[in-house]
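Residue-level structural notes
Letter by letter, the chains look like this.
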Amino acid sequence: MSDTHPIRLRGVAKHFPLHWRRGRVIAVENLDLEIRRGEVFGLLGPNGSGKSTTLKMILGLTPPTRGEVELFGEPPARPDSRRRLGFLPESPYFYRFLSGAETLRFFGRLCGVPNRRLDERIDELIALVGLAHGRDRPLATYSKGMLQRIGLAQALVHDPELVLLDEPTAGVDPMGSRDIKDLILRLKAAGKTVVLSSHLLEQVEEVCDRVAILHLGRKIVEGPLDSLLSSGDRATLEVSGYDAARTDAIRAALASAGAQLVAVGRPRLTLEEIFVREVRRAGGDKG
Ligand SMILES: Nc1ncnc2c1ncn2[C@@H]1O[C@H](COP(=O)(O)OP(=O)(O)OP(=O)(O)O)[C@@H](O)[C@H]1O
Ligand SMILES: [Mg+2]
């Protein structure tokens, strides 16, 4: 069963007691979640809705107050199941005096990557996350976007089959978040399972197969992104050679095909498309 669903949560709750008997914070309540192998799953929700707490329970970093968490069919604290997973924390902590390459060497050793594989793996990862310019610089000199990239590389150092990313695009400029989205899509193409959390919805919309939205620790929506976002039997046609004077003729043609013209507008580029295009054109994209 764990082959098809690397992560399962059943009736999971996490309550944090407050000091001086002032009650408790309900971070997660009655959460059921099944993550399928090979999908990109988005855990969405506003600040404080329980996303990071859910990821920490999946990782076995904090036990649930109630309910069951399974990672590869086992309790998550077991080292065997942890070895198959990579994690990008919300605010990763790194040694400031190590360079990018040294940081990856450190985490590679921690994760048991054999020494003979390590040099090659570091080169692969630096290229994968686009950090060639930071390879030999101490992390103290990194920008936020560069730190996020080294955090991603660290999560992937042992080529895990499951990757948990807490706010992977936080603090990253549009160019960086484009790269991170592409990286997530590449992980999916390589057959990996990715779970990411975000409150920046437009940033994850493109990459997620399914999402759940949390609110005050409870799941309020869950489903495949396609069906959540589709608007029934409506479709958008994009035409060239459009002449506003002929709108009535177009309306009539559509009516004869059994469809109704609902809106006419000009397609617009997104700000992200313009940003990425212009920065690429200027040739300077340095994390
Ligand atoms: N160690 C803790 N002790 C007490 N309360 C906590 C603790 N960790 C989290 N909480 C509370 O649990 C709730 C959920 O927090 P969590 O960090 O999981 O939210 P989140 O969805 O990740 O938010 P964000 O988008 O800001 O990262 C919040 O109300 C938070 O204050
Ligand atoms: Mg969080």
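Residues numbered from 1 in each chain as written. Chains lettered and ligands numbered in written order. Predicted model: local features only at pLDDT ≥ 70, side-chain atom pairs only at ≥ 80, totals over all residues.

Quick look at the site of ligand 1
Cut-off, in case you're wondering: Placing a C-beta atom from the backbone of each residue, we mark the residue near a molecule or strand if the atom is within 6 Å of it. Going along the chain from the N terminus, every DSSP run of H or I of four or more residues is numbered as a helix, and every run of E of two or more is numbered as a strand. Polarity classes work like this: nonpolar for Ala, Val, Leu, Ile, Met, Phe, Trp, Tyr, Cys and Pro, charged for Asp, Glu, Lys and Arg, and polar for all others, with Gly in that last group.
Residues in close proximity to ligand 1 total 13 residues, the closest being F16, A27, N47, S52 and T53. Tallying contributions element by element places helix α1 (residues 51-59) first for the shell around ligand 1, with three residues. Its residues assigned to classes, the shell around ligand 1 comprises three nonpolar, eight polar and two charged.

Section: unusual backbone geometry
In this structure, F72 takes a positive phi of about 50° despite not being glycine. In this fold, F72 is placed in the loop between β4 (66-71) and α2 (79-83). Positive phi is not limited to glycine here, since D159 has a value of about 50°. Its location among the elements puts D159 in the loop between α5 (144-155) and β6 (162-166).

Observations regarding the sheet that holds strand β9 (residues 218-224)
In plain terms, the rule: By this definition, two strands are paired if DSSP reports at least two bridges between them. A fitted line through C-alpha atoms serves as each axis, taken over the contacting stretch for helices, and the angle formed by two N-to-C directions is quoted from 0 to 180°. Each residue is represented by a C-beta atom placed from its backbone, and any two residues with such atoms within 7 Å are regarded as in contact.
Read across the open sheet, the six strands follow the order β5-β6-β7-β3-β8-β9; overall the sheet is mixed. Every other strand in the sheet has two partners, leaving β5 (85-88) and β9 as the edge strands with one partner each. Between one strand axis and the next, the sheet turns through 15° on average, direction left out of account. One ladder, built from six bridges, connects strand β8 (residues 210-215) with β9; its direction is antiparallel. Bridge pairing in β9 places V211 opposite G223. Running at roughly 150° to β6, α1 makes contact with β3 (40-44), β5, β6, β7 (193-198) and β8 of the sheet. Relative to β7, helix α6 (residues 174-189) is tilted by about 150°, and along the sheet it contacts β3, β6 and β7.

Notes on the environment of F97
Relative to the elements of secondary structure, F97 occurs in the loop between β5 and α3 (100-110). A C-alpha to C-alpha distance of 9.2 Å links F97 and T141, two positions 44 residues apart in sequence.

What about the environment of A252?
Heads up, the rule is: Every C-beta atom is placed from the backbone, and the number of other C-beta atoms within 10 Å of a residue's own sets its class: buried at 20 or more, exposed at 12 or fewer, partly exposed in between.
Its place among the elements puts A252 in helix α9 (residues 247-256). A count of 12 C-beta atoms within 10 Å places A252 in the exposed class. As a C-alpha pair, A252 and R234 span 18 residues in sequence and 17 Å in three-dimensional space.

Topic: α1
Most of α1 sits out of view: seven of its nine residues are buried. Taken together, the buried positions of α1 are K51, T53, T54, L55, K56, M57 and I58. Immediately beyond the C-terminal end of α1, within one or two residues, lies G60, with a positive phi of roughly 80°.

A word on the domain arrangement of the protein
You'll often see interface size given as the accessible area lost when the parts meet. Rule in force here: Residue ranges for the domains trace back to a domain assignment, done automatically or taken from a database.
Domain parsing of the protein yields domain 1 (38-61 + 71-229) and domain 2 (244-282). For domain 1 versus domain 2, the distance between C-alpha centres works out to 36 Å.

Digging into the pairing of β8
Bridge count between β3 and β8: four bridges; the pairing is parallel. Bridge assignment links F41 to a residue of β8, and that residue is R210. Hairpin connection, β8 to β9: the antiparallel pair is bridged by two residues, and L216 has positive phi, about 50°.

Details of the packing of α6 against helix α10 (residues 271-282)
What counts, and what does not: Orientation is classified from the angle alone, with under 35 degrees giving roughly parallel, over 145 giving roughly antiparallel, 65 to 115 giving roughly perpendicular, and any other angle giving oblique.
Orientation of α6 relative to α10, taken along the N-to-C sense of each, is 100°, at an axis distance of 9 Å. The orientation of α6 with respect to α10, classified from their angle, is roughly perpendicular. In contact with P174, M175 and R178 of α6, α10 contributes E272, F275, V276 and V279. The class makeup of the residues in the contact of α6 with α10 is five nonpolar, no polar and two charged.

Considering α3
Operational definition: Think of it as the arc spanned by the lines of direction from the helix axis to the C-beta atoms.
Among the residues of α3, G100, A101, T103, L104, F107 and G108 are the ones counted as buried. Buried residues along α3 cover an arc of 155° about the axis, so they all sit on one side. Against the buried residues of α3 lie α4 (115-128) and α5. Of the residues trailing α3, G112 is marked for its positive phi of about 75°.

Regarding the sheet that holds strand β1 (residues 7-17)
The antiparallel open sheet is built from three strands, whose spatial order is β2-β1-β4. This sheet does not close on itself; its edge strands, each paired only once, are β2 (24-35) and β4. Neighbouring strand axes in the sheet, compared pairwise and without regard to direction, differ in orientation by 25° on average. Alignment of β1 against β4, held across five bridges, turns out to be antiparallel. Its bridge partner lying in β4, I7 is registered against L71.

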